[in-house]
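Inside the fold
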Amino acid sequence: MKTVRTRIAPSPTGENLHIGNAYTALINFVFAKKNNGQFIIRIEDTDRSRLVKGSEERILSSLKWLGLTYDEGPDIGGPYSPYRQSERLSLYKNYAQNLVEKGNAYYCFCTPQRLTKMREKQIAQGLPPMYDGTCKRVKSEEVRAKIKNEKYVIRLNVPEEGITEFTDVLRGKISFENKLIDDQVLIKSDGFPTYHLGVVVDDHLMKITHVIRGEEWISSTPKHILLYQAFGWDLPVFAHLPLLRNPDKSKLSKRKNPVWVSWYKEQGILPEALINYLSLMGWSDPNERDKFSLSEMVKHFKLEDIKTTAPIFDREKLKWLNKKYIQDLATLDPKRFTTLLRTMSSYGTTPEFDEKVRKVIPLVSPRISTLKEYDAISSFFHARPQKYEVDLESYQDVISKSADILENIQIAQWKSDRIGEELQKVAKATGLTNSEYFMILRVTITGKKVSPPLNESMEILGKNETIARLQTISA
RNA sequence: GCCCCCAUCGUCUAGCGGUCCAGGACGACUGGUUUUCAGCCAGUAAAUCAGGGGUUCGAAUCCCCUUGGGGGUACCA
């Protein structure tokens, strides 16, 4: 049996890794690993006009961040190097010329202006816009002359009759009438291949066994099949994944949704949570579990189980999952949790991991669903409140009494339980309800009406600091 | 316009001819624990399985049509 080899072929035309590409990458990765195969990254940078500087590097780093490690790629090389199409240019042209010789492709000298006009006319007549084959009929002596001093492209010579069909692992048989398939450009006038040529040549040369990609490629697949046939190559297995959608059901786009993986990282989403959430798109664990790791997914994954209905990428459940993962991390590895917090671009007040931070984490982490939220809740542990959510002036007396009673506790007895007992006494003595009294104290200590548990927080702050904060108000 | 794909609670989904007057999770809501929030526990609402025809003793599950949604239709990927 052939070794399973999958790949994703991102174009460095965006800010970062697109969430849709991350999804495709996940499925390709999991499928490859499930079959002890290889997962490959190939950069398809054939559109020079849309190239974004630094994009490739950021795409690769996001892939790594997500834990989708690849076996071969542009930065790590591999047996089929190079993995960047712009570095494989001469290849494509040779293959295209070979097709011309066999009659499966032809040179085309039509100008973009003529093509536009042609299409407009076709649309006006209610015809499908397609290349009209003018250059297919140019005599070969004439072609040889024109190649020398005219710009040209090379087009695929699609048969005018017949049907091209293929079996999609997820969708079954899909067929297209050849007469509706356009004579696709294979080599552009700048000498670069189009996606269609590049993807077929490279997938073949790199021995890709399974082409798993987004649904938007279904209608180009017959062109690819025709190419494989023209070259006389074996077909890979095709699987077209559902497209992730915006809440309004349109194709996931940056207009309507944050689509860059880097955005989720900056928000304080953990990679494990994003991956887990993505894996819930179109696939479900056989045990109906919602939370599971990448390696657990690999264990239970079956390509055929992917549902073809396009899911909406709705961030609610991602948030819930992230909360779970944050709690796990904070509990199991508070040190790493702290490090992560401190590497956030929105990094705030949390100092390096120490005894105090170790005590703060279990109090704060269950109350956040993204790392970004951590600082707002925990900052009072490390700095006195700058402002108070409630006007405390009329409560000076109560606060002062609270300070006095806490003053009586020995430093060695400074524990949340003891603090609580003492404060209950004050609470009873004042005319205030418990909730009102503790709300006042809470605001005094934390600045906020909502905070981690008060007594425990006071314990962590220590006697001196606690009393100092009370006196700040009562004085 | 033409081609192709898709259709179960608001969302993600289970279901692959009888065990489903459709199950789970998120979200929402109610109650409990409680000094706030979070958590935890208990519970409620939420899908005439898009609609209509078949096939079958029997259909959410198979077939057809309609409708709806999506994708493609470039010298972009």
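1. Quick look at the nonpolar core
- Counting residues in each nonpolar core, the largest one holds 98 residues, and the members touching the most others are Leu-68, Leu-274, Phe-313 and Phe-337.
- With 10 residues, the single largest contributor to this core is helix 1 (residues 19–34).
- Residues contacting Phe-337, with those up to four places away along its chain left out, are Ile-326, Leu-329, Ala-330, Ile-361, Ser-365, Ile-368, Leu-371 and Tyr-374.
- Grouped together as the second largest cluster of nonpolar side chains are 44 residues, Tyr-83, Ala-105, Tyr-195 and Ala-230 included.

2. Quick look at the pattern of salt bridges
- The full count for this structure, using the stated rule, is 28 salt bridges.
- Taking the shortest distance from any N to any O, the salt bridge between Lys-136 and Glu-160 comes out at 3.1 Å. In this pair, Lys-136 sits in the loop between helix 4 (112–124) and helix 5 (140–149) while Glu-160 sits in the loop between strand 4 (153–156) and strand 5 (163–168), placing the two residues 24 residues apart along the sequence.
- Residue Glu-160 is classed as exposed on the basis of its relative accessible area of 59%.

3. With respect to the protein's contact with RNA strand B
- Close to RNA strand B lie 62 residues, the nearest being Arg-171, Gly-282, Pro-366, Arg-367 and Asn-455.
- Taking Ser-11, its side chain carries an N or O atom lying 2.6 Å from a sugar or linking oxygen of RNA strand B.
- A distance of 2.9 Å is found between a base oxygen of RNA strand B and a side-chain nitrogen or oxygen belonging to Arg-442.
- The element that contributes the greatest number of residues to the surface near RNA strand B is helix 11 (residues 315–332), accounting for 5 residues.
- Grouping the constituent residues of the surface near RNA strand B by class yields 25 nonpolar, 14 polar and 23 charged.

4. Points about the domain arrangement of chain A
- Taken domain by domain, chain A comprises domain 1 (5–85 + 244–305), domain 2 (88–241), domain 3 (333–382) and domain 4 (393–474).
- Computed from C-alpha atoms alone, the centre-to-centre distance between domain 1 and domain 3 is 29 Å.
- Across the boundary between the two partners, domain 1 contributes 7 residues, which contact 7 residues of domain 3.
- Around 480 Å² of area is buried between domain 1 and domain 3 when both sides are counted, 53% of it from carbon and sulfur atoms.
- When the buried surface of domain 1 facing domain 3 is broken down by residue, Glu-266, Gln-267 and Gly-268 rank first, second and third, together holding 64% of it.
- Where domain 1 packs against domain 3, one counts 0 salt bridges.
- Run the count over domain 1 and domain 3 and you get 2 residue pairs in polar contact (both at pLDDT 80 or more).
- Residue contributions to the side of domain 1 that touches domain 3 peak at 3 residues, all from helix 8 (residues 261–267).
- Broken down by class, the residue content of the side of domain 1 that touches domain 3 amounts to 2 nonpolar, 2 polar and 3 charged.

5. Some details on the confidence of the model for chain A
- Averaged over every residue, the pLDDT of chain A is 95; residues scoring 70 or more account for 100%.
- Reported confidences for the modelled complex are a pTM of 0.95 and an ipTM of 0.95.

6. Re the packing of aromatic side chains
- Taken as a whole and assessed by the stated rule, the structure comprises 18 aromatic pairs.
- Here the aromatic residues Tyr-95, Tyr-228, Phe-231 and Trp-233 are joined through ring pairs into a cluster of three or more.
- In this structure, Arg-48 packs its charged tip against the face of Phe-192, placed 5.6 Å from the ring centre.
- Over the ring of Tyr-131 we find Arg-155, and its NZ or CZ is 3.8 Å from the ring centre.

7. Quick word on the pairing of strand 6 (residues 172–177)
- Pairing analysis gives 6 bridges linking strand 5 to strand 6, with the strands arranged antiparallel. Counterpart to Thr-167 in the pairing with strand 6 is Lys-173.
- The loop that links strand 5 with its antiparallel partner strand 6 comprises 3 residues.

8. Looking at helix 6 (residues 195–205)
- The buried fraction of helix 6 is high, at 9 of 11 residues.
- Looking only at helix 6, the buried set comprises Tyr-195, His-196, Leu-197, Gly-198, Val-199, Val-200, Val-201, Asp-202 and Asp-203.
- Taken together, the buried residues of helix 6 touch strand 1 (5–8), helix 3 (89–101), strand 7 (185–187), strand 8 (210–214) and helix 7 (221–231).
- Lys-207 sits one or two residues past helix 6 and shows a positive phi near 55°.

How each quantity is defined
- Residues numbered from 1 in each chain as written.
- Chains lettered and ligands numbered in written order.
- Predicted model: local features only at pLDDT ≥ 70, side-chain atom pairs only at ≥ 80, totals over all residues.
- Heavy atoms only, no water.
- Core = buried A, V, L, I, M, F, W, Y, C linked by side-chain atoms within 4.5 Å.
- Buried < 20%, exposed > 50% of the residue type's maximum accessible area, 1.4 Å probe, protein only.
- Helix = DSSP H or I, 4+ residues; strand = E, 2+ residues; numbered from the N terminus.
- Contact = heavy atoms within 4.5 Å.
- Salt bridge = Lys/Arg side-chain N within 4 Å of Asp/Glu carboxyl O.
- Near = heavy atom within 4 Å.
- Polar contact = N/O pair within 3.5 Å; in protein donor to acceptor, adjacent residues only side chain to side chain.
- Nonpolar A, V, L, I, M, F, W, Y, C, P; charged D, E, K, R; others polar.
- Domains from an automatic or database assignment.
- Buried area = accessible area lost by both parts, 1.4 Å probe.
- pLDDT = per-residue confidence, 0-100.
- Phe/Tyr/Trp six-rings, centres within 6.5 Å; stacked < 30°, edge-to-face > 60°.
- Lys NZ or Arg CZ within 6 Å of the ring centre and 35° of its normal.
- Pairing = 2+ DSSP bridges.

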